Amino acid sequence: MSNADLLTRSLAAVWHPCTQMKRHETLPLVPIQRGQGVWLYDFDGRRYLDAVSSWWVNLFGHCNPHINAAITDQLGKLEHVMLAGFTHEPAVRLAERLAQLAPPGLGHCFYASDGASATEIALKMSAHYWRNNGKPQKMNFISLQNSYHGETLGALSVTDVALFKDAYGGLTRHNATVPSPDWRHAAAGESAQDYALRCAEALERHLQQHHASLAAFIVEPLVQGAAGMAMYHPVYLRRARELCDQYGVHLIADEIAVGMGRTGTMFACEQAPPPQPLPQSERGYGITPDFLLISKGISGGYLPLSVVMTTDEIYRAFYADETARGFLHSHSYTGNPLACRAALATLDIFGQDNILAANRSKAAYLNRIAAPLRKHPGVRNFRNTGMIWAFEVESPHAGFAQRCFTLALEQELLLRPMGNTVYFMPPYVISEAEMDMLVERTLHIVEALA
Ligand SMILES: *Cc1c(COP(=O)(O)O)cnc(C)c1O
């Protein structure tokens, strides 16, 4: 195929996701033939730096040799087997390793194939837990304003993105939202921490009133990705954990985007500050949610895989003689061996290359070289958590996101702004030279559009 051939045939045969297809009459699709490290290439050798990790999934570059080798090895052994009534080594080894890495107490892994399914599973498991415990009226959920937990109907019922709500809200159950601790909404002079505590008070009022009918509170820890990389103070997570305990409501941590090292720790929940006053136990850091959702980066960006991790207490509520007390959910590709091997290879790289420490220096480097961007008069709210950066651009132009995307492609960058928010979420293998290029060229784009 050639670039032109691929584009024509794609528009004729493929309905692209989250896309007004008519727009492609004027805005061409970007043809991709192959990938290598942070780079994507078309058929003519034109390249793009994948600064969004292909929708936040890629961690260690495209065509990573270690992950390629693991999948190839697995292909020669077992491509797939159903996970109901059967088991296999990659699924078991991955569950064991995740239990060691995750916040303590999450010893049971339920597999699915994508993030939205992980959300569905957690919602169903939570409500079913309460039913099994004689509280069937606890079947409502709450989420944060501007939350995003996926786009299937159940996940959409706890997603608060106007575009999706308007089109499909009538098809979903209504679930309430509580104020987001996103620090951009803090009052003048109010710190991010104080604002997070103020939002936690609103959460408390809601729980006080509604806990009898609430199954769970679902939250994106530290960064609300689809809200435009909204960042907030980790004290909110500590308060959410305490309040959910106090009112008997499950806490679901959706780490689909922020897990796997993206916020600087393996899981964002680890950054919750210790409770006050400090307990005697040495386990003072981080919180353990009742459900931890992982997807996106788990397979290194290779294959669809998601995991819902939960506690022994929840697991035991389903353990009984009656089938109907068991958790009734399955997907054809649950626990696919190739995806589990990709995930195991991804975890190997974290261990061998001390990735979290390396990312800390990379983040410090990018923050240093981004000073001109941060200080640019058209740039607002420059922010960073781990390996995520974001800022708003004050632009007189309508259609900023589209213009920025197009200019970025001309500069060999793959940027995909959300509204006026530009963000970087690069693969962890990005080099200093590539960061230089990313920041310098983004500055040119900002200068052209601000
Ligand atoms: C991407 C995402 C999802 C949905 O995952 P899909 O695999 O796209 O269904 C859910 N929650 C968060 C926080 C996400 O970023």
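Parameters at a glance
- Residues numbered from 1 in each chain as written.
- Predicted model: local features only at pLDDT ≥ 70, side-chain atom pairs only at ≥ 80, totals over all residues.
- Heavy atoms only, no water.
- 1 Å grid on protein atoms, 1.4 Å probe; cavity = no way out; pocket = protein on both sides within 12 Å on 5 of 7 lines; lining within 4 Å.
- Points joined across faces, edges and corners; volume = space filled by probe spheres on them.
- Nonpolar A, V, L, I, M, F, W, Y, C, P; charged D, E, K, R; others polar.
- Phe/Tyr/Trp six-rings, centres within 6.5 Å; stacked < 30°, edge-to-face > 60°.
- Helix = DSSP H or I, 4+ residues; strand = E, 2+ residues; numbered from the N terminus.
- Buried < 20%, exposed > 50% of the residue type's maximum accessible area, 1.4 Å probe, protein only.
- Domains from an automatic or database assignment.
- Contact = heavy atoms within 4.5 Å.
- Buried area = accessible area lost by both parts, 1.4 Å probe.
- Pairing = 2+ DSSP bridges.
- Axes fitted to C-alpha atoms, helices over the stretch in contact; angles between N-to-C directions.
- Arc of directions from axis to C-beta.
- Polar contact = N/O pair within 3.5 Å; in protein donor to acceptor, adjacent residues only side chain to side chain.

Q: Looking at this structure, I do not really get empty space enclosed by the protein. What am I missing?
A: Over the atoms rolls a probe the size of a water molecule, and in doing so it shows where empty space is left. Applying the stated criterion to the full structure yields one cavity of 30 Å³ or more. Of the voids in this model, the largest cavity is the one considered here, and its volume is about 30 Å³. Forming the walls of the largest cavity are Trp56, Leu59, Ile256, Ala257, Gly259, Met260, Arg262, Lys296, Gly297 and Tyr428. Taken together, the residues that form the lining of the largest cavity break down as six nonpolar, two polar and two charged.

Q: Help me out: how do you make sense of the packing of aromatic side chains in this one?
A: Centre distance and the angle of the planes are the two values used to describe a pair of aromatic rings. The full count for this structure, using the stated rule, is 12 aromatic pairs. Aromatic pair Phe60 and Tyr428: ring centres 5.8 Å apart, planes at 75°, arrangement edge-to-face. Of this pair, Phe60 sits in the loop between helix 2 (53–56) and helix 3 (65–75) while Tyr428 sits in the loop between strand 16 (421–424) and helix 15 (432–449), and the two are 368 residues apart along the sequence. Classification of Phe60 as buried rests on a relative accessible area of 4%.

Q: Looking at this structure, how should I read the domain arrangement of the protein?
A: Interfaces are often sized by the accessible area lost when the parts come together. Each domain of the protein was delimited in the assignment, giving domain 1 (69–352) and domain 2 (354–396 + 412–425 + 438–450). Here domain 1 and domain 2 have C-alpha centroids that lie 27 Å from each other. Contacts between the two partners involve 20 residues from domain 1 and, on the opposite side, 18 residues from domain 2. Buried surface at the junction of domain 1 and domain 2, both sides included, amounts to about 1600 Å², of which 68% is carbon and sulfur. Taken as a group, Met229, Met231 and Arg262 account for 41% of the area that domain 1 buries against domain 2, more than any other trio of residues on that side.

Q: Whenever I open this one, the sheet that holds strand 4 (residues 108–112) confuses me. Can you help?
A: Pairing is mixed across the open sheet formed by seven strands, whose spatial order is 4-12-11-10-7-5-6. The sheet terminates laterally at strand 4 and strand 6 (176–178), the two strands that pair on one side only. Sheet twist, expressed as the average angle between the axes of neighbouring strands with direction ignored, equals 25°. In this structure, strand 11 (residues 291–294) lies alongside strand 12 (residues 306–310), joined through four bridges in antiparallel fashion. Its bridge partner lying in strand 12, Phe291 is registered against Thr310. Its contacts with the sheet place helix 4 (residues 89–101) against strand 4, strand 11 and strand 12, and it is angled at close to 125° to strand 4.

Q: What is the right way to look at helix 3 in this model?
A: Every buried residue belonging to helix 3 is among Ile67, Ala70, Ile71 and Gln74, and all of these are buried. Seen end-on, helix 3 carries its buried residues on one side only, within an arc spanning 95°. The outward face of helix 3, more than 90 degrees from its buried face, is lined by the exposed residues Pro65, Thr72 and Leu75. For helix 3, the elements touching its buried residues are helix 4 and helix 11 (337–352). Regarding helix 3, its N-cap is Asn64, as a side-chain oxygen of that residue lies 2.9 Å from the backbone nitrogen of His66 further along.

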